[in-house]
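# Fold and contact review
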Amino acid sequence: MAPANLTFACDCNTLRGTLVGVGPGAGTRVECFCHDCRAAEVYAGQPDPAPDAVQLYQTSPYRVRIEAGADQLAPFAFSDKGPLRWQARCCGATMFLTARSPKLSFTSFRTDRLDDDSALGPVVARAFVRKANGKRGHEGLARFIVGFARRALGARLSGRWKDTPFFDASGAPVAPVHLVSTAERDALPLT
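Residues numbered from 1 in each chain as written. Predicted model: local features only at pLDDT ≥ 70, side-chain atom pairs only at ≥ 80, totals over all residues. Heavy atoms only, no water.

### Regarding the overall build of the protein
Counting its regular elements, the protein contains three helices and 12 strands. The C-alpha atoms of the protein give a radius of gyration of 16 Å, which matches the 16 Å a tight globule of 191 residues would have. The principal-axis extents of the C-alpha atoms in the protein amount to approximately 40 × 35 × 30 Å. Counting the 191 residues in the protein, one finds 49% classified as buried. Only carbon and sulfur atoms are counted for the fraction: they give 55% of the accessible area of the protein, which is about 9300 Å². (Helix = DSSP H or I, 4+ residues; strand = E, 2+ residues; numbered from the N terminus. Rg over C-alpha atoms; globule rule 2.2 N^0.38 Å. Buried < 20%, exposed > 50% of the residue type's maximum accessible area, 1.4 Å probe, protein only. Areas by Shrake-Rupley, 256 points an atom, 1.4 Å probe, with all protein chains shown as cover.)

### A word on the nonpolar core
The biggest cluster of nonpolar side chains holds 24 residues, and the ones touching the most others in it are Leu6, Phe8, Leu19, Met95, Phe96 and Leu114. Elements with a minimum of two residues in this core: β1 (4-9), β2 (16-22), β6 (73-77), β7 (84-88) and β8 (94-98). Among the nonpolar cores identified, the runner-up in size contains eight residues, and Cys37, Val54, Leu56 and Ala127 belong to it. (Core = buried A, V, L, I, M, F, W, Y, C linked by side-chain atoms within 4.5 Å.)

### A closer look at helix α1 (residues 35-43)
By the burial criterion, the buried members of α1 are Cys37, Arg38, Ala39, Ala40, Glu41 and Val42. Once α1 ends, the next one or two residues include Gly45, with phi positive near 85°.

### Describing helix α2 (residues 141-158)
With 18 residues, α2 extends 26 Å between its outermost C-alpha atoms, agreeing within 8% with the 26 Å of an ideal straight helix rising 1.5 Å per residue. For α2, the full list of buried residues reads Gly147, Arg151, Ala152 and Ala155. The arc enclosing the buried residues of α2, seen along the axis, measures out at 115°, which places them on a common side. For α2, the exposed residues set more than 90 degrees away from the buried face come down to Ala142, Val146, Leu153 and Leu157. On the buried face of α2, the contacting elements are β3 (28-32) and β4 (54-59). At the exit of α2 stands Gly159, carrying a positive phi of roughly 85°. (Expected span 1.5 Å × (residues − 1). Arc of directions from axis to C-beta. Contact = heavy atoms within 4.5 Å.)

### A closer look at the sheet that holds β1
Pairing is antiparallel across the open sheet formed by three strands, whose spatial order is β1-β2-β5. This sheet does not close on itself; its edge strands, each paired only once, are β1 and β5 (64-68). The mean angle between the axes of side-by-side strands here comes to 25°, regardless of whether they run parallel or antiparallel. As paired strands, β2 and β5 are joined by four bridges and run antiparallel to one another. Bridging from a neighbouring strand, Gly17 pairs with Ile66 of β5. (Pairing = 2+ DSSP bridges. Axes fitted to C-alpha atoms, helices over the stretch in contact; angles between N-to-C directions.)

### Structural notes on the side chain of Thr18
Secondary-structure assignment places Thr18 in strand β2. Residue contacts for Thr18: discarding those within four places in its chain leaves Asn5, Leu6, Thr7, Phe8, Arg63, Val64, Arg65 and Glu67.

### Examining unusual backbone geometry
For residues besides glycine, phi is generally negative; the peptide bonds are generally trans as well. For the bond from Ala50 to Pro51, the omega torsion is 10°, close enough to zero to count as cis. Counting through the fold element by element, Pro51 comes out in the loop between α1 and β4. In this structure, Asn13 is a non-glycine residue whose phi angle is positive, near 70°. Turning to its location among the elements, Asn13 is positioned in the loop between β1 and β2. Assessed through its relative accessible area of 40%, Asn13 is described here as partly exposed. A positive phi angle, close to 60°, is found at Phe128, a residue other than glycine. Inspection of the secondary structure assignment puts Phe128 in strand β10 (residues 123-130).

### Some thoughts on the pattern of salt bridges
All told, the structure shown has 12 salt bridges when counted by the stated rule. Among the ionic pairs, Asp117 bridges to Arg29, the shortest N-O distance being 3.2 Å. Of this pair, Asp117 sits in the loop between β9 (107-110) and β10 while Arg29 sits in strand β3, placing them 88 residues apart in sequence. Salt bridges sharing common partners tie together Asp11, Glu41, Arg110, Asp112 and Arg113. (Salt bridge = Lys/Arg side-chain N within 4 Å of Asp/Glu carboxyl O.)

What follows is the structure, encoded as structure tokens:
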């Protein structure tokens, strides 16, 4: 599959942009069944995806171009060390997940924000899948880790980690981070 430029938007179309040069070689399609991904959806006012997974495409932040509504980016986190989850302040749509520092250059993008996600290729990894014994495990983890490491290391060595819409030149998030309290998290109506 040739790399593609894919437009995305939040639910109300205020926050819009393009994923540049994406496809199977520039990122990894992932399905995540973890409690944090589900909690992030519910916290942001979105429906609980359970029993389905949250559909993600992990790529490099320099592939994300925000073309309108950048002032609507609103990060939140469930802990002071955990990843940042970025939603559109205007409508609550969850959009991205990043590390807390631009130096660890990755973003997971919610693929349902695209009109057509077929150019991203097939899902190659599944995280926190419930197994027959009731425990959770991962499928395709090695491929996921290799892709993540290759992209993050490449961005770090080339300096492309600095090209991000999520952090300013000093490395601070472009908007204040809301730390979700334990009480807020515990009150989420997860099924």
